Amino acid sequence: MEIIHFEHNKQAAELVAKWYDSPPLAYVHSFGCQQNVNDGEKIKGVLADIGYGMCDSVEEADLILFNTCAVREHAEQRVFGNVGALKRLKKDKPGLIIGLCGCMAQQQSIVDKIRESYPFVDIVFGVNGIDTLPQLLCEKIAGNKKRILLTPTERAEVVEETPIRRDSNFRAWLPIMYGCDNFCTYCIVPYVRGRERSRRSADILAEFKELVAAGYKEITLLGQNVNSYGKGLEEQIDFSDLLNLLCTVPGDYHIRFMTSHPKDASRKLIDTIAAQDKICNHLHLPVQSGSDRILAQMNRHYTVAQYLELMDYAKEKIPGITFSSDIIVGFPGETEEDFEGTLELIRKVGYMQLFTFIYSKRSGTKAATMPDPITRKEKTDRMARLLSVQDEIARKLVADMTGQTQRVLVEGSGRDEGTLSGRLTNNLVVEFTAEPSLVGSYAMVHLTGSRGTVLKGELV
Ligand code: SAH
Ligand code: SF4
Ligand code: F3S
């Protein structure tokens, strides 16, 4: 596999410096998942590398980039709403450059729509164009190009050494693989992100070491399906091997990862989490549905029984482990009985947290051609029932933690004045009174109670 190394873009930096009287400002907003947010950090890194400063409002910006998500219709509508609102800004500030990138830009229909209906958008590039951004900007500002709307591309290689400007100085995203080969029938991701490509373990390890050395406490390994890490690499390595390799790096940190696919999550993975102190005792294992019939229609390649068996194994091997999941409500043809299967499954597993979505039709996917007779009203009713069952489960699990003393990573302010919010290794959140200087470090907190699904505690 070819690996492209990003070369420091001196030429682009010189051009940007010449073009603007003072360093230009960029506003970059990421709308999607953690991979998308990490791409946003790389976009900011590349822009900083060629002389852009960052700003937090579109009004101040000389360059506005929307890094988009296509996973559900709602995500796309939000982006179009935000883009539409920029028309006025462009009128007042003709030199303003407006760009759209990310997963939406990987769809030809979206690029066409921008071309026709959003003439004030100057640049469109997909998920594989981050390292070419300096060149695009140069063509736009100095080449007098009116608009550069790239057609979606797929790249088979892995781009290493892209500059990055991370949003946090104690929590970091670390992609280990890109793309997805699973083609779940509802999902657009394989079409917009392309085929699975794993990074070489040596490159991951090098970045991991840099993060630990820079003082990062929480490192989250990212991929659409981390459990199939290693596929297609010359080296013989799987995800558990990679975790074991990373855990050899000395330092004060912990590891999270997402997302796992149940069909590839193995007992070996559970044993690895059990054996390694640095890996958090939390597993995000999206199940999507509790009906075997629907799981087959979704092309998920596991049954409810197989899923539950793995969860039971994890509960047995990893004391205190918590689970979270993604659920789709109202997949085409989902019956009341199918839905009740989902309720039964969530009761059996006892999830600490659920990310729930009403099925959204994505054109080009297989499910988009399946008959979908269920009304919107039925779907929203099912969603409400699901949320109420889950709320009860989570409240009880959270309340049961009271009395323990746990190490937490302090993340920021809590909801009440003077409080901070920290995350336990099992991914629960606790609020407690303490000095803001603790943010970004570990603290020991005694858990005294809960409010909804958030714990209350006292600093030890
Ligand atoms: N690769 C990850 C998640 C990718 S998308 C995984 O397999 O778990 C995140 C979640 O969005 C999915 O788990 C699914 O629950 C939801 N999702 C994806 N496509 C969707 C659609 N068309 N409608 C509703 N929810 C969807
Ligand atoms: Fe989408 Fe399925 Fe791939 Fe996840 S595993 S990104 S849900 S196709
Ligand atoms: Fe959305 Fe793309 Fe992530 S479609 S969920 S931003 S991979």
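Provided above is the structure to which this section pertains.
Residues numbered from 1 in each chain as written. Chains lettered and ligands numbered in written order. Predicted model: local features only at pLDDT ≥ 70, side-chain atom pairs only at ≥ 80, totals over all residues. Heavy atoms only, no water.

### Comments concerning the packing of aromatic side chains
For the structure shown, the criterion picks out 10 aromatic pairs. Among the aromatic residues, those joined into a ring-pair cluster are F80, Y118 and F120. The cationic tip of R267 hangs over the ring face of Y313; the distance from NZ or CZ to the ring centre is 4.0 Å. The ring of Y253 has K278 lying over it, and the distance from NZ or CZ to the ring centre is 4.5 Å. (Phe/Tyr/Trp six-rings, centres within 6.5 Å; stacked < 30°, edge-to-face > 60°. Lys NZ or Arg CZ within 6 Å of the ring centre and 35° of its normal.)

### Structural notes on the site of ligand 1
R72, Q224, Q288, D326 and S360 are the nearest of the 15 residues found near ligand 1. In the model, a nitrogen atom of ligand 1 is placed 2.7 Å from a nitrogen or oxygen of the Q224 side chain. D326 is positioned such that a nitrogen or oxygen atom in its side chain is 2.6 Å from an oxygen atom of ligand 1. Contact with the protein chains removes 90% of the 540 Å² of surface that ligand 1 exposes when unbound. Within the residue set of the shell around ligand 1, elements represented by two or more residues are β15 (322-329) and β16 (353-358). (Near = heavy atom within 4 Å. Polar contact = N/O pair within 3.5 Å; in protein donor to acceptor, adjacent residues only side chain to side chain. Areas by Shrake-Rupley, 256 points an atom, 1.4 Å probe, with all protein chains shown as cover. Helix = DSSP H or I, 4+ residues; strand = E, 2+ residues; numbered from the N terminus.)

### Here's the deal with the environment of I327
Inspection of the secondary structure assignment puts I327 in strand β15. Residues I327 and D112 lie 215 residues apart in sequence; the distance between their C-alpha atoms is 32 Å. Apart from the residues within four sequence positions on either side, I327 is in contact with V287, Q288, T342, I346, L354, F355, T356, F357 and L386. (Contact = heavy atoms within 4.5 Å.)

### Observations regarding the sheet that holds strand β2 (residues 25-30)
The six strands lie next to each other as β3-β2-β4-β5-β6-β7, forming an open sheet whose pairing is parallel. Single-partner strands in this sheet number two, and they are β3 (53-54) and β7 (148-149). Looking at chain direction, β2 and β3 are connected through two bridges and run parallel. Paired with A26 across the bridge in β3 is M54. (Pairing = 2+ DSSP bridges.)

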